[in-house]
Amino acid sequence: QQQVKQSPQSLIVQKGGIPIINCAYENTAFDYFPWYQQFPGKGPALLIAIRPDVSEKKEGRFTISFNKSAKQFSLHIMDSQPGDSATYFCAASAASYDKVIFGPGTSLSVIP
Amino acid sequence: NAGVTQTPKFQVLKTGQSMTLQCAQDMNHEYMSWYRQDPGMGLRLIHYSVGAGITDQGEVPNGYNVSRSTTEDFPLRLLSAAPSQTSVYFCASSRPSLSGNTIYFGEGSWLTVV
């Protein structure tokens, strides 16, 4: 019940496309859903996060969509660029002070 | 502001050897943790600490020890290295708040056990 599922494992899109990465969870106590971005040879870094009281959050070209009833959330990258090529992790935690559980990651390649 | 600093960046060990991965943070965060990253497995929590003198096991603790004598430092010890411990290790720190628990990661330590 602590698991966070993520798909697809890898994704290739052309520049300007809109890659979508999907995540699902089982634990209804989760109330914080961050996305982390990791470039090769670097540690992950927080990209954007959402709480379950809203259905969508936008920051620049990145949007999280959240469906509480389906226990699913997704990351959309508008007008994707080659510089967005990275591994993306969704995550979830049950409370501000609880451990963060990560999905297995999605390797995104944006080709020119 | 250095954030989370890990050393060494790369290390090759022989099976059975022991070593310590060092981690230090300068953000005065209460929480520190160690993750390992393996292809297709994501980030798996090894051990974590919610403050000096307090540690607990994560998802994959076997073969690893930690201690937290200060707020700043959280070393990870491999007791008797095995090839299955070949991985990339990330140290992280955070200060949970009502708005969420943002984790700050180090740049990683690449460990190969032969």
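For the structure, see preceding data.
Keep in mind it's a predicted model, so treat the numbers as computed, not measured.

### Description of the environment of B:Ile103
Next, step 1: Checked against the element boundaries, B:Ile103 lands in strand 10 (residues 103-105).
Next, step 2: With relative accessibility at 6%, the residue B:Ile103 sits in the buried group.
Next, step 3: Among all residues touching B:Ile103, those that are not within four sequence positions of it are A:Tyr36, A:Val100, A:Phe102, B:Tyr35, B:Ala92, B:Ser93 and B:Ser94.

### A word on the environment of B:Ser93
All names here are of chain B.
Next, step 1: Mapped onto the secondary structure, Ser93 falls in strand 9 (residues 87-94).
Next, step 2: Overall, Ser93 belongs to the buried group, its relative accessible area being 1%.
Next, step 3: Each C-alpha atom of the pair Ser93 and Met27 lies 8.3 Å from the other, and the pair is 66 residues apart in sequence.
Next, step 4: Beyond its immediate sequence surroundings of up to four residues, Ser93 is in contact with Val4, Gln25, Met27, His29, Tyr31, Met32, Thr102, Ile103 and Tyr104.
Next, step 5: Of note is the side chain of Ser93, whose polar atom sits 2.9 Å from the side chain of His29.

What counts as what
Residues numbered from 1 in each chain as written. Chains lettered and ligands numbered in written order. Predicted model: local features only at pLDDT ≥ 70, side-chain atom pairs only at ≥ 80, totals over all residues. Heavy atoms only, no water. Helix = DSSP H or I, 4+ residues; strand = E, 2+ residues; numbered from the N terminus. Buried < 20%, exposed > 50% of the residue type's maximum accessible area, 1.4 Å probe, protein only. Contact = heavy atoms within 4.5 Å. Polar contact = N/O pair within 3.5 Å; in protein donor to acceptor, adjacent residues only side chain to side chain.

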